[in-house]
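# Structural description and commentary
Below, each chain spelled out in residue letters.
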Amino acid sequence: MSKFLSRHSEGWQCARDTAFNRLVSDVQANKVKYKKVRNASGELVEETLSEDKFKQYENSVARDELTGLYNTYFFTQKFTRELKRAIRYKRPFSLMLVSMDRMGQLQKLYGNLLTCQILQQEARTLRSSVREVDTPFRISAEQFAVLFPETYSSKATIVGQRICEKTRAQSVISGTNTVLVTVSIGIASFPTHGRQEKELLTSAMQFLQEAQKTGGNKVCTS
């Protein structure tokens, strides 16, 4: 554990509420539900959407085509909203980063079709391992993220260990070959590991890299 992180313990003694934070409104509740469309004259106008149509529109631009998970575009928005809410209401919040181990090597050995199957399988594993209030994302070619509202890192770690076990137990078949897949996971929690977006992302990435450097197939959060 680094000297910086060893000074932090889980709890609100590490978090400070400010006048600015108290003025931050709930973005999700107040966001304007519209999209740009062309009218009969060909001009771009704003069309207000119903709740159902807005969800359809949001999903069309926010979903990863391969896995069906939310993409990086939506991750940045959701991450900002959840952190603001955690600050405003003084609630815990955790960020999990998940990286597939040895994906470059597997792609060279078995090709794109197998790696696509692995990513789709991992997306299913993430969905089945988290609560309805938690949100999984695909954030890069071989990495995922999960946002955990109302959750300390200790609880998110239990979920991370479950994801590691499920991933390792689900082999992928390629012709006559059985391919074993593992993941590395890094978890950072607000306010334990940071109180700003950059701090939390940096901490989670550092923990992920630590898991990768020590052989993968594990969860690191300190």
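Residues numbered from 1 in each chain as written. Predicted model: local features only at pLDDT ≥ 70, side-chain atom pairs only at ≥ 80, totals over all residues. Heavy atoms only, no water.

Our focus in this paragraph is the packing of helix H7 (residues 112-129) against helix H8 (residues 153-169). As a packed pair, H7 and H8 sit with axes 10 Å apart at the nearest point and diverge in direction by 140 degrees. The orientation of H7 with respect to H8, classified from their angle, is oblique. For the crossing formed where H7 meets H8, the hand is right-handed. Listed contacts from H8 to Glu122, Thr125, Leu126, Ser128 and Ser129 of H7 are Val159, Arg162, Ile163, Lys166 and Thr167. Residues belonging to the contact of H7 with H8 are distributed by class as follows: three nonpolar, four polar and three charged. (Axes fitted to C-alpha atoms, helices over the stretch in contact; angles between N-to-C directions. Helix = DSSP H or I, 4+ residues; strand = E, 2+ residues; numbered from the N terminus. Parallel < 35°, antiparallel > 145°, perpendicular 65-115°, else oblique. Left-handed = near helix turned anticlockwise from the far one by under 90°. Contact = heavy atoms within 4.5 Å. Nonpolar A, V, L, I, M, F, W, Y, C, P; charged D, E, K, R; others polar.)

Hydrogen bonds along the backbone pair up the strands of a sheet, which may run parallel or antiparallel. Taken in spatial order, the five strands of this open sheet run E4-E5-E3-E8-E9, and their pairing is mixed. In this open sheet, the two strands that pair with only one neighbour each are strand E4 (135-138) and strand E9 (218-220). Each strand of the sheet is rotated relative to its neighbour by a mean of 20 degrees, with strand direction disregarded. Sheet analysis places strand E8 (residues 183-190) next to E9, joined by three bridges and oriented parallel. Paired with glycine 186 across the two strands is cysteine 220, which belongs to E9. Contacts between H8 and the sheet are confined to strand E3 (93-100), strand E5 (143-149), E8 and E9, with E8 contributing the most and set at about 170 degrees to the helix. (Pairing = 2+ DSSP bridges.)

Looking now at the environment of serine 140. Summarising the element assignment, serine 140 is placed in the loop between E4 and E5. The partly exposed category is assigned to serine 140, whose relative accessible area is 30%. (Buried < 20%, exposed > 50% of the residue type's maximum accessible area, 1.4 Å probe, protein only.)

Here we come to the pattern of salt bridges. Overall, the coordinates contain six salt bridges when judged by the stated rule. Between glutamate 150 and arginine 85 there is a salt bridge whose closest N-O contact spans 3.5 Å. Within this pair, whereas glutamate 150 is found in the loop between E5 and H8, its partner arginine 85 is found in helix H5 (residues 72-89), the two being separated by 65 residues in sequence. The partner of arginine 131 in a salt bridge is aspartate 134, and the shortest N-O contact between them spans 2.6 Å. Aspartate 134 gets classed as buried once you look at its relative accessible area, which sits at 6%. (Salt bridge = Lys/Arg side-chain N within 4 Å of Asp/Glu carboxyl O.)

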